[in-house]
Amino acid sequence: MAAEQIAYTVKEFAPAVPGWLNKGDNAWQMTASTLVGIQSMPGLVILYASIVKKKWAVNSAFMALYAFAAVLICWVLLCYRMAFGDELLPFWGKGAPALGQKYLLGRAKVPESKHRGYNDVDDITEPLYPMATLVYFQFTFAAITLILLAGSVLGRMNIRAWMAFVPLWLIFSYTVGAFSLWGGGFLYHWGVIDYSGGYVIHLSSGIAGLTAAYWVGPRLKCDRERFPPNNVLLMLAGAGLLWMGWSGFNGGAPYAANIDASIAVLNTNVCAATSLLIWTSLDVVFFGKPSVVGAVQGMMTGLACITPGAGLVQSWAAIVMGILSGSIPWVSMMVLHKKCSLLQKVDDALGVFHTHAVAGLLGGLLTGLLAEPDLCKLILPFDTRGAFYGGNGGVQFLKQIVAALFVITWNVVSTSIILLFIRLFIPLRMPDNQLEIGDDAAHGEEAYALWGDGEKYDPTEHGWHTSQFSEVAAPSPYVNGARGVTINL
């Protein structure tokens with residue numbers, strides 16, 4: 001026993017274990033980072049590849065894959081410190097690399113996070129782990145925001161335009177929202193609540209996605225009218241990774257393995273389950289049968305809705321938020337969408353506006369109503385409460401509204417300018433002849449080794465022949481009446 005104690009003590013004072021390091025917090029934050037990363041890679045890669053038409057599986061997956069890699073490099077070269085560094089403007093930080101050994105091994109700190117006007121409280125955000133952990137954790141949030149945005153423009157955006165759009169949108173749009181609300185910007189100091197990204201991530205991606213869909217243009221008419229998932233079971237696997245990864249998404253927001261993280265994880269799952277059940281019930285009532293795609297959408301709206309207040313509302317409130325997030329976005333998607341000429345005109349491929357913008361906005365406003373004072377005290381240094389708890393709660397609700405308007409306006413303007421700039425050099429939309437083909441035209445690759453769904457017949461590639469490893473293979477007698485092949489064994 002004595003030898004074990006000595007060995008442990010030696011480790012405690014080793015150079016790799018400085019006195020400020022809390023191993024539990026560091027281990028949880030790295031675990032949470034990995035969980036959020038898995039939501040994108042492979043979660044959304046799988047979800048996108050399977051929820052779209054077969055001819056767009058490779059393109060959709062690659063858009064997510066590329067965004068994940070590109071965001072990481074831009075993040076460490078410039079964008080982390082634009083979002084969490086020293087102030088340049090009230091809504092923007094000074095960009096600089098986050099690659100130096102001394103910087104990354106030092107204790108994590110958000111330099112502009114000390115609340116002004118509360119000098120008697122040492123409330124600066126300074127977690128008990130190295131800066132490298134915080135840099136990577138926040139990267140995973142930036143990456144998933146752009147991947148969620150991609151869902152609005154699947155099935156027609158020029159891949160080269162997407163490759164240019166990702167770093168530009170990260171620099172000129174995401175970092176502004178992140179600094180303003182999390183990094184010590186004007187909304188942060190004003191007291192706006194965004195626990196884990198209802199505004200920074202979901203409202204931003206939904207509004208920017210709708211804006212991008214407007215400028216890129218619609219899919220082909222045949223794709224808009226019929227865009228069935230090519231693999232519903234694989235879609236559920238991607239959705240499952242997304243749901244389970246959300247424990248790290250909201251559980252990592254306190255920057256510590258504390259009791260508020262526990263509340264956040266429980267509330268996240270309670271709200272998601274409630275929302276899924278409400279959405280499915282509405283599908284059964286109005287359409288006569290439950291939809292698996294609808295259930296996934298209900299799950300998504302519940303997760304997005306609870307995000308801005310996951311650790312700040314009571315668990316009964318998480319159920320209330322789940323009921324509303326399973327019904328209000330359902331109405332906006334199934335009813336209002338069909339009556340609104342603008343939403344009809346804009347081709348939001350996966351309905352990101354409804355599942356993320358509407359749900360994220362709903363969550364932010366509900367947080368302004370339901371934030372519980374004692375839970376707020378766990379992570380906020382001053383008196384904060386929702387409107388339902390009296391006091392200054394009404395003012396808090398108004399702050400949530402103003403912050404939402406800022407995020408919406410900035411994303412509409414910045415996304416439009418970025419896309420109009422890219423359009424000067426690269427067409428935003430693929431030409432129609434390539435849209436008819438899909439993956440084969442965009443990448444020269446296909447998800448499945450079959451001929452079909454948009455691919456043009458080429459005798460040199462699709463001609464029939466007999467293989468030494470097969471029985472007789474013959475063309476289908478229904479050449480003009482059916483797509484695909486018939487193999488006589």
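Presented here is a report on the structure given in the accompanying data block. (Residues numbered from 1 in each chain as written. Predicted model: local features only at pLDDT ≥ 70, side-chain atom pairs only at ≥ 80, totals over all residues. Heavy atoms only, no water.)

## Quick notes on the side chain of S113
Now for step 1: Along the polypeptide, S113 turns up in the loop between α4 (101-105) and α5 (131-150).
Now for step 2: When neighbours within four sequence positions are excluded, S113 is seen to be in contact with D123, I124, T125, G184, Y188 and H189. (Helix = DSSP H or I, 4+ residues; strand = E, 2+ residues; numbered from the N terminus. Contact = heavy atoms within 4.5 Å.)

## Considering the side chain of N250
Now for step 1: Along the polypeptide, N250 turns up in helix α10 (residues 232-251).
Now for step 2: Under the relative-accessibility criterion, N250 is labelled buried at 0%.
Now for step 3: Other than its neighbours up to four places away in sequence, N250 contacts Y195, S196, A264, T268, I306, T307 and A310. (Buried < 20%, exposed > 50% of the residue type's maximum accessible area, 1.4 Å probe, protein only.)

## Section: helix α12 (residues 292-306)
Now for step 1: Over its 15 residues, α12 runs 22 Å from end to end, which matches the ideal 21 Å to within 8%, given 1.5 Å per residue.
Now for step 2: Burial analysis of α12 places 13 of its 15 residues in the buried class, the great majority of the element.
Now for step 3: For α12, the side-chain oxygen to backbone nitrogen distance between the N-cap and V293 is 3.3 Å, and the N-cap itself is S291. (Expected span 1.5 Å × (residues − 1). Polar contact = N/O pair within 3.5 Å; in protein donor to acceptor, adjacent residues only side chain to side chain.)

## Let's talk about the layout of surface pockets
One water molecule sets the probe size; rolling that probe over the atoms shows where empty space is left.
Now for step 1: In this structure, the largest pocket spans a volume of roughly 980 Å³.
Now for step 2: Together, 38 residues line the largest pocket, and Q297, M333, A349, L350 and G351 are the ones closest to its centre.
Now for step 3: Those elements that provide at least two residues to the lining of the largest pocket are α2 (23-51), α9 (221-225), α11 (259-287), α12, α13 (315-339), α14 (341-345) and α15 (352-370).
Now for step 4: It is α12 that contributes the most residues to the lining of the largest pocket, five residues altogether.
Now for step 5: Looking at the lining of the largest pocket, its residues break down into 19 nonpolar, ten polar and nine charged.
Now for step 6: Volume-wise, the second largest pocket comes out at about 820 Å³.
Now for step 7: In this structure, the second largest pocket is lined by 34 residues; those nearest its centre are T125, Y188, A253, I379 and L380.
Now for step 8: Among the elements that make up the lining of the second largest pocket, the one with the highest residue count is α5 (three residues).
Now for step 9: Class assignment of the residues belonging to the lining of the second largest pocket gives a composition of 23 nonpolar, six polar and five charged. (1 Å grid on protein atoms, 1.4 Å probe; cavity = no way out; pocket = protein on both sides within 12 Å on 5 of 7 lines; lining within 4 Å. Points joined across faces, edges and corners; volume = space filled by probe spheres on them. Nonpolar A, V, L, I, M, F, W, Y, C, P; charged D, E, K, R; others polar.)

Purely spatial values, then, with no claim about function.
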